[in-house]
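Fold and geometry: a report
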Amino acid sequence: MESLAQSLNAGAIAPEAAILIALLACLLADLAGERTAARLVPPFCYVGLGTSLVLLALQWSEPTADAFFSSFITDNLGVAFRAVVATSTLLSLLISWRYVERAGTPVGEYAAILMAATVGAMLLCGATDLVSIFVALETLSVSSYLLSGYMKRDARSSEAALKYLLVGSAAAAVFLYGTSLLYGVSGGSTNLDAITISLQGAGVTPLSALALVFVLATVAFKISAVPFHQWTPDVYEGSPTPVVAFLSVGSKAAGFALALRLLVGCFESFQTQWQLLFTVLAVLSMTLGNVVALAQTSMKRMLAYSSIGQAGFVMIGLVCGTEEGFAAMVLYMAAYLFMNLGAFACVILFSLRTGSDRISDYAGLYQKDPLITLGLSLCLLSLGGIPPMLGFFSKIYLFFAGWADGQYLLVVVGLVTSVVSIYYYISVIKMMVVKEPQEASDVIKDYPAPTWNLPGLQPLRAALVFCVAVTAIGGVLSNPLFTWANAAVEGTPLLQQVISNGGHLPTG
Amino acid sequence: MPPLAEITQLIVFGVLALAVVVGALGVVMLPNIVYAAFLLGGVFLSVAGLYLMLNASFIAAAQILIYVGAVNVLILFAIMLVNKKEAMGASPGVGLRRVLSTGVCIGLFALLLRVAFSTPWATPGPAAIGEDAVIRLGEHFFSDYLLPFELASVLLLMAMIGAIVLARRDVLATDIGTGESVDQGLIEKARTPLLMEKP
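Residues numbered from 1 in each chain as written. Chains lettered and ligands numbered in written order. Predicted model: local features only at pLDDT ≥ 70, side-chain atom pairs only at ≥ 80, totals over all residues. Heavy atoms only, no water.

**Regarding the overall build of chain B**
Each helix and strand counted, chain B has seven helices and zero strands in total. Relative to the globule expectation of 16 Å for 199 residues, the C-alpha radius of gyration of chain B, 25 Å, shows a markedly less compact shape. Taking the principal axes of the C-alpha coordinates as reference, chain B spans close to 90 × 50 × 35 Å. The proportion of buried residues among the 199 residues of chain B is 21%. Of the roughly 14,500 Å² of accessible surface on chain B, 74% is carried by carbon and sulfur atoms. (Helix = DSSP H or I, 4+ residues; strand = E, 2+ residues; numbered from the N terminus. Rg over C-alpha atoms; globule rule 2.2 N^0.38 Å. Buried < 20%, exposed > 50% of the residue type's maximum accessible area, 1.4 Å probe, protein only. Areas by Shrake-Rupley, 256 points an atom, 1.4 Å probe, with all protein chains shown as cover.)

**Some thoughts on the environment of A:Tyr336**
Residues and elements named next belong to chain A. Examined against the element boundaries, tyrosine 336 turns out to sit in helix H14 (residues 323-354). Here tyrosine 336 falls in the buried class, since its relative accessible area comes to 3%. Sequence separation of tyrosine 336 and glycine 391 is 55 residues, and the distance between their C-alpha atoms is 7.2 Å. Sequence-distant contacts of tyrosine 336, that is, excluding residues within four places in its chain, are made with Ser248, Val249, Ser307, Gln310, Leu341 and Leu383. (Contact = heavy atoms within 4.5 Å.)

**Notes on the interface of chain A and chain B**
Contacts between the two partners involve 66 residues from chain A and, on the opposite side, 44 residues from chain B. Between chain A and chain B the total buried area reaches about 4,700 Å² when both faces are included, carbon and sulfur atoms providing 71% of it. There are three salt bridges connecting chain A and chain B. The salt bridge partner of A:Arg98 is B:Asp175, with a shortest N-O separation of 2.8 Å. Linking chain A with chain B are 15 residue pairs in polar contact (both at pLDDT 80 or more). If one sorts the elements of the side of chain A that touches chain B by residue count, helix H6 (residues 130-148) of chain A sits on top with nine residues. Looking at the side of chain A that touches chain B residue by residue, the class counts come to 35 nonpolar, 14 polar and 17 charged. (Buried area = accessible area lost by both parts, 1.4 Å probe. Salt bridge = Lys/Arg side-chain N within 4 Å of Asp/Glu carboxyl O. Polar contact = N/O pair within 3.5 Å; in protein donor to acceptor, adjacent residues only side chain to side chain. Nonpolar A, V, L, I, M, F, W, Y, C, P; charged D, E, K, R; others polar.)

**Some thoughts on the nonpolar core**
Residues and elements named next belong to chain A. Membership of the largest hydrophobic core comes to 206 residues, with the highest contact counts inside it found for Phe81, Phe267, Trp274 and Phe278. Here the element with the most residues in this core is H14; it accounts for 24 residues. Not counting chain neighbours up to four residues away, the residues in contact with phenylalanine 81 comprise Cys125, Ala253, Phe256, Ala257, Leu260, Val330 and Met333. (Core = buried A, V, L, I, M, F, W, Y, C linked by side-chain atoms within 4.5 Å.)

**Side note on a nonpolar patch on the surface**
Residues and elements named next belong to chain B. A surface patch of nonpolar side chains, about 560 Å² in accessible area, is lined by Leu30, Ile33, Val34, Tyr35, Phe38 and Leu39. Inspection of the secondary structure assignment puts leucine 39 in helix H2 (residues 33-53). For leucine 39, a relative accessible area of 31% translates into the label partly exposed. (Patch = residues over 30% accessible without salt bridge, like charges linked within 9 Å, V, L, I, M, F, W, Y side chains within 5 Å.)

**Points about the pattern of salt bridges**
Residues and elements named next belong to chain A. For the coordinates displayed, the defined rule picks out 12 salt bridges over all chains. Notably, a salt bridge pairs glutamate 159 with lysine 163, separated by 2.9 Å at the nearest N-O pair. Highlighted residues: glutamate 159 and lysine 163, both in helix H7 (residues 155-185), separated by four residues, approximately one helical turn. Linked through salt bridges whose partners overlap, the residues forming this network are Glu159, Lys163, Asp234, Glu237 and Arg301.

**Quick notes on the packing of H14(A) against helix H16 (residues 370-384) of chain A**
Residues and elements named next belong to chain A. Running from N to C, H14 and H16 cross one another at 145°; their axes reach a closest spacing of 9 Å. Like other packed secondary-structure pairs, H14 and H16 cross with a definite hand, here left-handed. Note on element contacts: H16 touches H14 through Ile372, Gly375, Leu376, Cys379, Ser382 and Leu383, opposite Tyr332, Tyr336, Met339, Asn340, Gly342, Ala343, Cys346, Val347, Leu349, Phe350 and Arg353. Residue classes in the contact of H14 with H16 are distributed as 12 nonpolar, four polar and one charged. (Axes fitted to C-alpha atoms, helices over the stretch in contact; angles between N-to-C directions. Left-handed = near helix turned anticlockwise from the far one by under 90°.)

**Quick look at helix H9 (residues 206-222) of chain A**
Residue and element names in this part refer to chain A. Across its 17 residues, H9 extends 25 Å between first and last C-alpha, which sits within 8% of the 24 Å expected from 1.5 Å per residue. In terms of burial, H9 is largely enclosed, as 14 of its 17 residues are buried. Serine 224 lies just past H9 and shows a positive phi near 45°. (Expected span 1.5 Å × (residues − 1).)

**What to know about the environment of A:Gly474**
Residues and elements named next belong to chain A. Within the secondary structure, glycine 474 sits in helix H20 (residues 457-474). A residue is classified by how much of its surface remains accessible, and glycine 474, at 12% relative accessible area, is buried. When neighbours within four sequence positions are excluded, glycine 474 is seen to be in contact with Leu390 and Ala469.

**Remarks on H6(A)**
Residues and elements named next belong to chain A. For H6, which comprises 19 residues, the first-to-last C-alpha distance of 27 Å matches the rise-based estimate of 27 Å (1.5 Å per residue) to within 8%. Of all 19 residues in H6, 18 are buried; the element is thus mostly enclosed. The backbone nitrogen of valine 131 has a side-chain oxygen 3.0 Å away, supplied by the residue at the start of H6, namely aspartate 129.

**Quick look at the packing of helix H2 (residues 14-31) of chain A against helix H6 (residues 146-167) of chain B**
Contact geometry of H2(A) with H6(B) gives a least axis separation of 13 Å together with a crossing angle of 30°. Judged by the angle between their axes, H2(A) and H6(B) are roughly parallel. Between H2(A) and H6(B) lies a crossing whose hand is left-handed. Contacts between H2(A) and H6(B) involve A:Leu20, A:Leu23, A:Leu24 and A:Leu27 on the former and, on the latter, B:Val154, B:Leu157, B:Met158 and B:Ile161. (Parallel < 35°, antiparallel > 145°, perpendicular 65-115°, else oblique.)

**Let's talk about the side chain of A:Ser298**
The residue A:Ser298 is located in the loop between helix H12 (271-293) and helix H13 (299-320) in this model. Here the side chain of A:Ser298 touches A:Lys300 through a polar contact of 3.4 Å, landing on its backbone nitrogen.

**Remarks on unusual backbone geometry**
Trans is the prevailing form of peptide bonds, just as negative phi is the prevailing case for residues other than glycine. Residues and elements named next belong to chain A. For the peptide bond that leads from valine 226 to proline 227, omega is 5°, which places it in the cis range. Relative to the elements of secondary structure, proline 227 occurs in the loop between H9 and helix H10 (231-238). Between proline 387 and proline 388 the backbone carries a cis peptide bond, its omega angle lying at 5°. Summarising the element assignment, proline 388 is placed in the loop between H16 and helix H17 (390-404).

**Describing the confidence of the model for chain B**
Residue and element names in this part refer to chain B. Across chain B, the average pLDDT comes to 86, with 91% of residues at or above 70. Below a pLDDT of 50 lies the segment residues 193-199, which in the model reaches two contacts outside its immediate sequence neighbourhood of four places, other chains included. Model confidence for the complex: the whole-complex pTM is 0.93, and ipTM, which rates the interface, is 0.91. (pLDDT = per-residue confidence, 0-100.)

Right, dumping it as structure tokens:
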């Protein structure tokens, strides 16, 4: 039995196990009644996610190892994306407590479902077996459907859950069809390495092209790339705001990790084809996401469209297929984590105090609440890519990587749409800052005096200040993040192999 | 003259395939939802028959237990509980939509056919192991598919808890922090039109 335990290498999923234990603890605490749960669940979550992050940091320096008979791999890329997912959950939970209590929905189950989504997303980042990938994907998706419908007395929330469920199930079915084709191509293996070898051997056949299209459609659905984005605005508008914060960062990071494993790793011999497809997706996402965001009146909807545009920027790094491209992708995901969650923390705090998320209701906010105004301004400027914020440096790195690889079309579209995005981000800031007191909206005129004494508001403030601080200072002190992103790519045999093959062709 | 066993197999396959195709078309096309649900059960049973022909008796039994026994019965229960008499009103442009979706489906079908016939499949596959399949499955579950097997339990646990949370009638609808009664809706309230605000 000793040999079986050793060959399992179960320590590889210790970070997920920590979260799972916290999840069970939350469910048990919930049995003791709603009040006890509200007191006990937050510390359980902090301990679980904190332990998970520490264990991930320990895995970082370890050499790459296979686990569960090559169902799972602990390369630096996987560890980096798992850390992004776990951090996004931790920050989303910090900003959710007050929101969930204010809505009168159970806290323990909320935390448990969100942590189950995290476990699924984290396993998705490291899974190297089609069955594991599918089960992890479903764990993430089913938990996401439940979370979007969590405010069950609200028709908008139920609508969001139903739409997400129907579209997501269709995407899962398409993915299953694609994986069944891959299973056939490889002659009966679900392991990604075996599939890579047989795809290389077979060359470009109609069968493998069809499998590529099906798998790519699912990946595009998960990262909500245009034209697979139709679910995003409605789901983001109807879901509870902290859930949107998790979906826009954690779920998307898992989607990009899946894209790297499947497309870069598995479909390496199809590089020209999928790069071309992703170029089209990236151009469409950047254009449509940023242009449609201009016309939005709801803050959540605007951030939904902006997240579609941001995913388009990240795809530039994916299309490059160079060392800088992958590193820029990891860096941008990490930067996006802080700036987007910072923006969501401000939006949640504003809607807690006013019950509104309309952009026009932000008019004149700076006189009543300087903290939200400052935080939201910094995060939106960073999302727009204004120096010296964190977003500027990561975006410039992304464009630099794209330009060096000859993806001129993508970089030019990216630059133009960045300018468009700056327009709508700045118009929110202008709404908050420039308006005279008499021009302030009705909501602002009745704005309550900021208090922090209710339970759950202190964690929100901590998360807000932390995210805004990282966004603002991280730009100047971004060297550790650069080193981290480069190490993530260097410590990943899969990516190193693709880079050293260097068979990329400029498609832009 | 092929041996009798092969002819029997061919006939059984033809009948089952016909049942699957006709049943599936009926599920999509029949306007009466009860007929559609029963036909879906027939489709599931026929698919189980196909599994049996492939010597996969365990999968066939699982198919009947899960799809016919659980999923289909659940669908019938849902129909019974809703029990709506009036037909849905025709939405605008439904004819055009039907034509479009038929076109897309036929195109997809043609594509799949082309791929299926142009691929040199590695037939015949590995020999069927028949009754030993259960043992082989168990071995896989506790060796190389241990991770997805265990993760599936997390998935099921979460689906169960989520279903209960969404379906139960809450006794608690108060804000724990302030003690106010709340409505379990989104914090961002839909804006009421101006005319409604001041009577």
